[in-house]
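# Summary of the model geometry
Next come the chains, spelled out residue by residue.
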Amino acid sequence: MTVTDRSQELITVAAQAAADKLAHDIIAFDVSEVLSITDAFVIASAANDRQVRAIAEEIEDQLREKLDTKPVRREGEREGRWILLDYLDIVVHVQHSEERSFYSLDRLWKDCPELPIPEDAMATRNRPENAVTDAAGNAVAPADDFGADH
């Protein structure tokens, strides 16, 4: 069994939305052979709780706007360290970097085939954890040490 076209469509939109909010280490795994409850996992990380929330919100917004779908379950919002979005066909895990390292979902699912994600999302595998974002999770240029007038 492999992921459905619908699942791949959800993965693509979710991964791009995560990349747009500067998630790092975005990856998607085809878990359909080992789990009967979903086709795929999308995993993304962020350096802080606020960014975890912003990424999860952007994924929800984009999937609702582009594919008219909402998660059937959402967990972890209060703590903001690991937010799980369950769309039945796919499950999205947005994790604080420390949780990602500790729980090591990538290692757990490494034997499952990796699925294609947009180029922007692939590029996040080299994005530093400390990429600078504003309060909404949008990319901003880092402030220099000398101020605007020098």
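Here the structure is a predicted model, which is why all the values come from computation and not from measurement.

Definitions and limits used
Residues numbered from 1 in each chain as written. Predicted model: local features only at pLDDT ≥ 70, side-chain atom pairs only at ≥ 80, totals over all residues. Heavy atoms only, no water. Helix = DSSP H or I, 4+ residues; strand = E, 2+ residues; numbered from the N terminus. Contact = heavy atoms within 4.5 Å. Areas by Shrake-Rupley, 256 points an atom, 1.4 Å probe, with all protein chains shown as cover. Polar contact = N/O pair within 3.5 Å; in protein donor to acceptor, adjacent residues only side chain to side chain. Core = buried A, V, L, I, M, F, W, Y, C linked by side-chain atoms within 4.5 Å. Buried < 20%, exposed > 50% of the residue type's maximum accessible area, 1.4 Å probe, protein only. Salt bridge = Lys/Arg side-chain N within 4 Å of Asp/Glu carboxyl O. Pairing = 2+ DSSP bridges. Axes fitted to C-alpha atoms, helices over the stretch in contact; angles between N-to-C directions.

## Here's the deal with the overall build of the chain
- Tallying secondary structure elements over the chain gives five helices and five strands in all.
- Tracing the chain from N to C terminus, the helices and strands come up as α-β-β-α-β-β-β-α-α-α.
- In the chain, the proportion of contacts linking residues at least 24 apart, taken out of those at least 6 apart, comes to 66%.
- For the chain, the accessible area works out to roughly 8200 Å², and carbon and sulfur atoms hold 49% of it.

## With respect to the environment of glutamate 75
- Inspection of the secondary structure puts glutamate 75 in strand β3 (residues 73-75).
- Separated by 11 residues in the primary sequence, glutamate 75 and aspartate 86 place their C-alpha atoms 8.6 Å from one another.
- Reaching out from glutamate 75, the side chain makes a polar contact with the side chain of arginine 73 at a distance of 2.6 Å.

## Overview of the nonpolar core
- Counting residues in hydrophobic clusters, the biggest one holds 31 residues, and the most contacted among them are Ile11, Ile26, Ile59, Leu63, Ile90 and Val92.
- Secondary-structure elements contributing two or more residues to this core are α1 (5-20), β1 (24-30), β2 (40-46), α2 (49-67), β4 (82-86) and β5 (90-96).
- In terms of residue count, the dominant contributor to this core is α1 (eight residues).
- What isoleucine 59 contacts, discounting residues up to four positions off in sequence, is Ala14, Ala17, Ala18, Leu85, Tyr87, Val92 and Val94.
- The next biggest cluster of nonpolar side chains, apart from the first, holds 10 residues, and it includes Phe29, Ile43, Leu105 and Trp109.

## Some words on the pattern of salt bridges
- For the structure on display, the rule yields 12 salt bridges.
- Residue glutamate 9 is joined to arginine 6 by a salt bridge in which the shortest nitrogen-to-oxygen separation is 3.8 Å. Of this pair, glutamate 9 and arginine 6 both sit in helix α1, separated by three residues, roughly a single helical turn.
- Assessed through its relative accessible area of 39%, glutamate 9 is described here as partly exposed.

## Here's the deal with the sheet that holds β2
- Pairing in this open sheet of five strands is mixed, and the strands run β1-β2-β5-β4-β3 from one edge to the other. Both edges of this open sheet fall to β1 and β3, since each of them pairs with a single strand only. On average, each strand axis in the sheet is inclined to that of its neighbour by 10°, with strand direction left out of account.
- One ladder, built from three bridges, connects β3 with β4; its direction is antiparallel. Bridge pairing in β4 links arginine 73 to aspartate 86.
- Here α1 sits on the sheet and contacts β1, β2 and β5; the angle it forms with β5, its principal contact strand, is near 20°.
- Packing against the sheet, α2 makes contact with β2, β3, β4 and β5, and its axis sits at approximately 160° to β5.

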